[in-house]
Amino acid sequence: MAAEGKRRRPEEGFYKVVEDGVPLERAKKVQKDIGKVEKKMFYPIEIVSRDKSGNKVKVHYVGYPETDDEWRSCEELVAEGALGRVLQSFIPTGESLEDRAALFCDRLSRKIKLSLFSTKRESPEVRIEQEIEADIFNHWFKNIGVVKDIRGRHVHCIDSPVDPELTKLFGNKWSERILNANGDFCYVIKGTIQFWTHKKSFIKEFVDIGGTLFEKQIENELVLVFTFVRGDGVRSAYRNGQWKY
């Protein structure tokens, strides 16, 4: 079907839209030019209607007028990869990297402070998990400490709580907490700090397209695991402006 007026070029890059919970990628569209050979190209699409009885959906090509909308079979779209795919995680721009990193470090340092308390009922081993974006880890955490392969993980091991890189990220005295006016305190024991990342499992679900169920997987978040062993002490352990670990 001919377009009305001059066609606007479709948006470049990956396009996502959700209609009834269905993410779409691209689909082939036959493009006809006068005097040229007919050829197939991929265009961003979205579903605007569907016919369950006929197992078809009405496809709108992003950047083109509604007069170019057409009915397509679900099987054809699945074969082209427009349906039933992995929905990737959102990737933020690099322009916000420093602000996002500062927010991440602030939240993690607060969790560390909250975990520094004196108790005989709980294990002194502390494990904190917090979602982290890959660019923050690569830019700020990747080169900290000595990396060791432990149980199939790349574990970053830090010898001292006053490590300059961690202090730069979390601030001075991030690894200790005075609990009361008597000077009782808790601290991160030297040589026990480790951290690594792991990816959460995909979120799997099925969506109904034209009466047929298609599997969809949603990419999950990257998580930073930060561990250490907690110790405690009293005011008498304070010497020359420092707590003796």
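For the structure, check the block above.
A brief report on the enclosed structure follows. Worth saying up front: this structure is predicted, and the values here are computed from it rather than measured.

### With respect to the packing of helix H2 (residues 97–115) against helix H3 (residues 134–141)
Running from N to C, H2 and H3 cross one another at 85°; their axes reach a closest spacing of 10 Å. Considering their axes alone, H2 and H3 lie roughly perpendicular with respect to each other. Across the interface between the two elements, Leu97, Glu98, Arg100, Ala101, Phe104 and Cys105 from H2 touch Asp135, Ile136, His139, Trp140 and Phe141 from H3. For the contact of H2 with H3, the residue count by class is 7 nonpolar, 1 polar and 3 charged.

### Regarding H2
The first and last C-alpha atoms of H2 sit 27 Å apart over 19 residues, in line with the 27 Å expected at 1.5 Å per residue. Three or more residues of H2 are buried, namely Leu97, Arg100, Ala101, Phe104, Cys105, Leu108, Ser109, Ile112 and Ser115. Relative to the axis of H2, the buried residues are bounded by an arc of 160° and lie together on one face. Exposed residues on H2 whose side chains face more than 90 degrees from its buried face are Asp99, Arg110 and Leu114. Of the surrounding elements, those touching the buried residues of H2 are strand S8 (125–131), H3, helix H4 (164–170) and strand S16 (222–233).

### Re the packing of aromatic side chains
With the rule as written, the count across this model stands at 8 aromatic pairs. A centroid spacing of 5.9 Å and a plane angle of 80° characterise the contact between Phe141 and Phe195, whose relative ring orientation is edge-to-face. A residue pair is termed long-range when its members are at least 10 positions apart, and Phe141 in helix H3 and Phe195 in strand S13 (residues 193–199) qualify at 54 residues. Each member of the pair Phe141 and Phe195 is classed as buried. Taking the centre distance of 6.2 Å and the plane angle of 70° together, the rings of Phe226 and Phe228 count as edge-to-face. Assessed through its relative accessible area of 1%, Phe228 is described here as buried. Ring-pair connections join several aromatic residues into one group, and the members of that group are Phe104, Phe141, Phe170, Trp174, Phe195, Phe226 and Phe228. It is Arg230 that lies over the ring of Phe117; its NZ or CZ is 4.4 Å from the centre.

### Some remarks on the pairing of strand S9 (residues 146–150)
Taken together, the 5 bridges between S9 and strand S10 (residues 153–158) define a ladder with antiparallel strand orientation. Within S10, the position partnered with Val147 by the bridge is His156. Remark: 2 residues form the turn of the hairpin made by S9 and S10, two consecutive strands paired antiparallel; Arg151 in that turn has positive phi of roughly 55°.

### Looking at the pattern of salt bridges
Scanning the entire structure with this criterion turns up 8 salt bridges. Two residues, Arg72 and Glu70, come together in a salt bridge whose shortest N-O distance is 3.8 Å. Classification of Arg72 as buried rests on a relative accessible area of 7%. One salt bridge in this structure joins Glu131 and Lys200, with 3.5 Å as the shortest N-O distance. With Glu131 in strand S8 and Lys200 in the loop between S13 and strand S14 (203–209), the pair connects residues that are 69 residues apart, well separated along the chain. The exposure class of Glu131 is partly exposed, given its relative accessible area of 44%. Exposure remark for Lys200: the relative accessible area of 33% places this residue in the partly exposed category.

Parameters at a glance
- Residues numbered from 1 in each chain as written.
- Predicted model: local features only at pLDDT ≥ 70, side-chain atom pairs only at ≥ 80, totals over all residues.
- Heavy atoms only, no water.
- Axes fitted to C-alpha atoms, helices over the stretch in contact; angles between N-to-C directions.
- Helix = DSSP H or I, 4+ residues; strand = E, 2+ residues; numbered from the N terminus.
- Parallel < 35°, antiparallel > 145°, perpendicular 65-115°, else oblique.
- Contact = heavy atoms within 4.5 Å.
- Nonpolar A, V, L, I, M, F, W, Y, C, P; charged D, E, K, R; others polar.
- Expected span 1.5 Å × (residues − 1).
- Buried < 20%, exposed > 50% of the residue type's maximum accessible area, 1.4 Å probe, protein only.
- Arc of directions from axis to C-beta.
- Phe/Tyr/Trp six-rings, centres within 6.5 Å; stacked < 30°, edge-to-face > 60°.
- Lys NZ or Arg CZ within 6 Å of the ring centre and 35° of its normal.
- Pairing = 2+ DSSP bridges.
- Salt bridge = Lys/Arg side-chain N within 4 Å of Asp/Glu carboxyl O.

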